Amino acid sequence: MTIRIERVDLPGIGVRNDLVTESGSRLGVISFRDGERELAIYDADDPDSCRYSVSITEDEAEALADIFGASVAVTRLTKLSDETDGLYTEKIKVGESSPFAGRTLGDTKMRTRTHVSIVALLRERKVIPSPVPDEPLIAGDIIIAVGTRSGLDAAMKLVDHGPE
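The model shown is predicted, which means the values in this text are computed figures rather than measured ones.

Trainee: Help me understand the overall build of the protein chain, please; the structure alone is not making it clear to me.
Mentor: Scanning the protein chain from N- to C-terminus turns up 3 helices and 9 strands. Its helices and strands in sequence order give the protein chain the pattern β-β-β-β-β-α-β-α-β-β-β-α, from N to C terminus. Relative to its 164 residues, the protein chain shows a buried fraction of 30%. In the protein chain, the proportion of contacts linking residues at least 24 apart, taken out of those at least 6 apart, comes to 46%. For the protein chain, the computed accessible surface area is about 10600 Å², with 52% contributed by carbon and sulfur atoms.

Trainee: Can you walk me through the pattern of salt bridges in this structure?
Mentor: Between side chains of opposite charge, pairing is possible as soon as their charged atoms come close. Taken as a whole and judged by the stated rule, the model has 8 salt bridges. One salt bridge in this structure joins R149 and E90, with 2.6 Å as the shortest N-O distance. Here E90 lies in strand β6 (residues 88-93) and R149 lies in helix α3 (residues 149-161), a separation of 59 residues in the sequence. With its nearest N and O atoms 3.1 Å apart, the salt bridge here joins E135 to R123. Here the residue E135 occupies a position in the loop between β8 (126-129) and β9 (142-147), and R123 occupies one in strand β7 (residues 117-123), the gap between them amounting to 12 residues.

Trainee: Could you clarify how one ought to interpret the sheet that holds strand β4 (residues 37-43) in this entry?
Mentor: Two orientations exist for strands paired in a sheet by backbone hydrogen bonds: parallel and antiparallel. Overall, antiparallel pairing links the 5 strands, which are arranged β1-β2-β3-β4-β5 in an open sheet. Each of the sheet's edge strands pairs with one partner strand only, and the pair in question is β1 (4-10) and β5 (46-56). On average, adjacent strands in this sheet sit at an angle of 25° to one another, irrespective of strand direction.

Trainee: I'm lost on the sheet that holds β7 in this one. Help?
Mentor: The antiparallel open sheet is built from 4 strands, whose spatial order is β6-β9-β7-β8. In the strand order of this sheet, the two ends are held by β6 and β8, each with one partner. When the angles between neighbouring strand axes are averaged without regard to direction, this sheet yields 25°. Pairing of β6 with β9 involves 6 bridges; the strand directions are antiparallel. When the sheet's bridge partners are listed, I92 is paired in β9 with I143.

Trainee: Can you walk me through a nonpolar patch on the surface in this structure?
Mentor: Among the surface-exposed residues, I5, L19, L27, I41, Y52 and V54 lie close enough to one another that they form a single nonpolar patch of about 530 Å² accessible area. Here Y52 is to be found in strand β5.

Rules and cut-offs
Residue numbers restart at each chain and count upward from 1, following the sequence in its written direction. Totals for whole chains, interfaces and linings use all residues, but because this is a predicted model, local features are given only for residues with pLDDT of at least 70 and pairs of side-chain atoms are given and counted only at 80 or more. Based on all heavy atoms of the structure, the side-chain values leave hydrogens and waters out of the count. Secondary structure elements are defined from DSSP: runs of H or I of at least 4 residues count as helices, runs of E of at least 2 residues count as strands, and each element is numbered from the N terminus. Residue exposure (1.4 Å probe, protein chains only): buried if accessible area is under 20% of the type maximum, exposed if over 50%, otherwise partly exposed. In what follows, a contact means two residues having at least one pair of non-hydrogen atoms within 4.5 Å. To measure how exposed things are, a 1.4 Å probe is used in the Shrake-Rupley method; for residues, cover is taken only from the protein chains shown. What counts as a salt bridge is simple: a side-chain nitrogen of Lys or Arg found within 4 Å of a carboxyl oxygen of Asp or Glu. What makes two strands pair is DSSP finding at least two bridges between them. Lines are fitted to the C-alpha atoms to define the axes, a helix being fitted only along its stretch in contact, and any angle between axes, read from their N-to-C directions, falls within 0 to 180 degrees. Patches were defined on residues exceeding 30% relative accessible area and lacking a salt bridge, with like-charge contacts within 9 Å and nonpolar side-chain contacts (Val, Leu, Ile, Met, Phe, Trp, Tyr) within 5 Å.

These figures capture arrangement, not role.
Okay, structure coming up:
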């Protein structure tokens with residue numbers, strides 16, 4: 001499937017980027033010159049006829065990007081593990097009582113101890129892809145890990161109870 005994004009310059013106003021969905025629906029993001037943004041849904045038969053629009057703040061735009069980013073990242077990882085025998089993805093929550101809450105990701109020595117790879121962290125609706133070892137772990141973080149079933153089970157125990 002080819003993703004179709006169309007850019008339309010709006011002289012004196014800003015720019016409009018439209019995503020044309022597989023079903024032919026058209027979703028637009030209008031970025032005004034003054035920094036304001038608007039989400040819009042257009043008539044499928046007339047791409048210049050807006051059926052509905054919503055003004056959004058910069059923080060709301062960032063939150064939407066985070067939501068879509070997290071959703072897409074987790075979906076892609078899940079599809080990968082569905083297509084590969086013996087490879088799984090797991091969401092591991094860093095609990096309040098985790099010995100690693102308040103420490104860095106590197107302190108877990110996850111890959112060395114469990115042979116599991118950490119591919120992302122989810123923190124308050126934000127995705128931190130490919131986190132570095134000095135990334136702090138905060139209670140409530142969700143670790144997205146990839147590995148074997150036994151490795152992921154060991155990783156969950158490690159995050160919950162620390163090394164044995």
